[in-house]
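Each chain, letter by letter, is given below.
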Amino acid sequence: MSQSTFLQNGELVTILIKKKEAPFISLRVVLLVTYVIIGVIPLLLMANTILHSMQEYFVEERKQELLSQANVIAGQLASNDFFFNQENQESLEEMVLQTGQDEDFRVLILDASAMVVYDTGYQEVGKTYLLPEVLEALEKRDVAREQEDGTVYAAASIVGSSSQHDGIVLIADSLQDVRITVGNIGNKAYFMLAVLLVAVILIMVVISRLFTEPLKRIIRVIQKMAEGHLEQRIVVTNRTHNEIVDLALSCNQMADQLEKVESSRQQFVSNVSHELKTPLSSIKVLSESILLQEDVPKEMYVEFLHDINSEIDRMTAIINDLLTLVKLDQKEIPLNFVETDLNHMMEDIIKRMTPLAAAKQIQMQYIKEKDVSAEVDEMKMTLAISNLVDNAVKYTPEGGTVTVVLDADHQNAFMTVTDTGIGIPESEVNRIFERFYRVDKTRDRETGGTGLGLSITHGTVMMHNGSIKVNSKEEEGTSIQVRIPLHQNVGA
């Protein structure tokens with residue numbers, strides 16, 4: 001539905017226009033019609049072609065048979081001088097009559113002027129037959145031809161002993177029996193086609209149902225998921241494996257991911273609420289303490305205000321980190337890839353982190369395996385590596401060691417941060433990049449931070465087309481390796 005808004009007589013008028021929806025055409029109907037068109041119509045055309053060819057063959061055979069009979073009769077008449085020997089005429093006429101009766105066709109004998117001198121049907125004697133077949137036979141061209149009324153004329157010349165053209169034998173026969181035979185065959189063929197059509201339709205109904213019913217189940221599940229029922233799943237049997245099964249499995253995987261995202265979203269909202277609630281509660285308690293006390297010394301005001309200011313800074317840091325994560329997720333933060341001396345970048349990070357390590361008597365080591373230059377966004381990559389080093393210092397007990405190593409091969413740069421800290425349980429190694437996740441939840445207030453640093457690091461590395469590998473053992477320490485391509489394919 002679309003809307004059109006305009007001004008009429010000074011008033012704003014909105015017209016809702018309902019778009020015409022495309023007609024629903026069931027896939028089952030499409031499959032059924034397609035199968036019928038592909039399977040039955042070619043058979044029908046083939047049957048018609050075969051019947052037509054069969055009829056032409058029978059007609060041609062009949063024409064050749066009649067022409068052969070006409071030539072046999074003409075030969076007998078010529079050898080016995082039918083037109084000139086009166087004594088032989090009667091016996092020859094009886095022979096011709098017997099042949100016509102035996103073969104069930106009509107025989108006419110014409111003289112050289114195309115006049116009928118004998119007719120087994122006793123109807124045309126004395127008449128002149130100027131048929132095309134007769135005229136061709138008079139020119140000594142024997143011919144057999146089908147007529148429009150379904151009759152076949154076969155004409156053969158009677159050539160006397162002196163090689164003179166004495167007359168013509170004309171045989172007329174009906175093709176009704178041929179048409180009846182071909183018609184009977186056609187009726188049986190069309191009956192078989194009708195039975196085949198019904199069978200094909202029944203089979204196609206079953207087959208189309210096998211195709212469309214799973215799709216309908218998938219559609220129903222997807223519609224329920226669209227309504228918010230993300231727990232819906234498509235039941236998949238293992239009897240067969242095809243594209244529809246793959247589609248169902250993919251839908252189930254999509255549902256799993258959507259449910260996971262929804263759970264993560266709810267957990268994220270809960271974590272954000274908790275993280276923001278804590279400083280807000282502290283601010284409320286501090287402000288109420290000031291308001292409810294009379295004659296509060298100035299020093300206490302200052303102390304409480306400092307505490308309130310610290311909690312506000314903490315909230316600001318959380319909100320800023322959240323905004324950074326949102327921009328990373330939506331890829332709104334532009335990356336400025338420039339050729340950067342990673343050795344110089346790492347030395348600057350170590351220099352800034354050394355006072356934090358010294359405060360806990362932690363030994364900071366930097367190992368440069370080789371000089372490395374890579375195309376990175378220096379500011380964002382510096383923040384990402386700083387988060388790793390900062391976490392290593394925070395979670396390493398006093399007197400421990402934090403080691404930073406820079407190395408590279410011909411394609412990638414490797415930055416590794418290793419500590420001798422509390423380590424990470426194996427079951428939680430894959431969760432450290434989740435938002436607000438902390439390894440040691442009992443010390444989250446002591447260590448400070450927002451719990452979003454590693455999430456920002458992970459997002460930054462991913463935007464650099466890199467990867468992060470974590471190895472950790474409880475009470476032994478953690479090693480995190482960042483891999484970054486030396487050259488970025490910016491146009492990809």
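Refer to the structure presented above.
Residues numbered from 1 in each chain as written. Predicted model: local features only at pLDDT ≥ 70, side-chain atom pairs only at ≥ 80, totals over all residues. Heavy atoms only, no water.

**What about the overall build of the protein chain?**
Counting its regular elements, the protein chain contains eleven helices and 14 strands. Within the protein chain, buried positions represent 37% of all 492 residues. Nonlocal contacts in the protein chain, meaning residues at least 24 apart in sequence, comprise 61% of its contacts between residues at least 6 apart. Entry remark: accessible area of the protein chain is about 30000 Å², with carbon and sulfur atoms responsible for 55%. (Helix = DSSP H or I, 4+ residues; strand = E, 2+ residues; numbered from the N terminus. Buried < 20%, exposed > 50% of the residue type's maximum accessible area, 1.4 Å probe, protein only. Contact = heavy atoms within 4.5 Å. Areas by Shrake-Rupley, 256 points an atom, 1.4 Å probe, with all protein chains shown as cover.)

**Quick look at the sheet that holds strand E11 (residues 401-408)**
The five strands lie next to each other as E9-E11-E12-E14-E13, forming an open sheet whose pairing is mixed. With partners counted over all chains shown, the strands left at the sheet margins are strand E9 (363-368) and strand E13 (467-473), one partner each. Strand-to-strand, the axes of this sheet are offset by a mean angle of 10 degrees, without reference to chain direction. Note: strand E12 (residues 412-419) against strand E14 (residues 477-485), eight bridges, orientation antiparallel. Counted as the bridge partner of Val417 is Ile480 from E14. Each of E13 and E14 is contacted by helix H11 (residues 453-463), which is oriented at about 140 degrees to E13, the strand it contacts most. (Pairing = 2+ DSSP bridges. Axes fitted to C-alpha atoms, helices over the stretch in contact; angles between N-to-C directions.)

**Some points on the packing of aromatic side chains**
In total, this model carries one aromatic pair according to the counting rule given. Relative to Phe58, the ring of Tyr57 has its centre 5.9 Å away and its plane inclined at 55 degrees; by these criteria the two rings are tilted. The class of Phe58 is partly exposed, set by a relative accessible area of 28%. (Phe/Tyr/Trp six-rings, centres within 6.5 Å; stacked < 30°, edge-to-face > 60°.)

**Observations regarding a nonpolar patch on the surface**
On the surface, Val29, Val33, Ile37, Ile38, Ile41 and Leu45 cluster together to form a nonpolar patch covering roughly 540 Å² of accessible area. Sorting the residues of the nonpolar patch by element identifies helix H1 (27-39) and helix H2 (41-79) as the ones contributing at least two each. The biggest single contributor to the nonpolar patch is H1, with four residues. Looking at the element boundaries, Val29 is found in helix H1. (Patch = residues over 30% accessible without salt bridge, like charges linked within 9 Å, V, L, I, M, F, W, Y side chains within 5 Å. Salt bridge = Lys/Arg side-chain N within 4 Å of Asp/Glu carboxyl O.)

Structural measurements only, silent on function.
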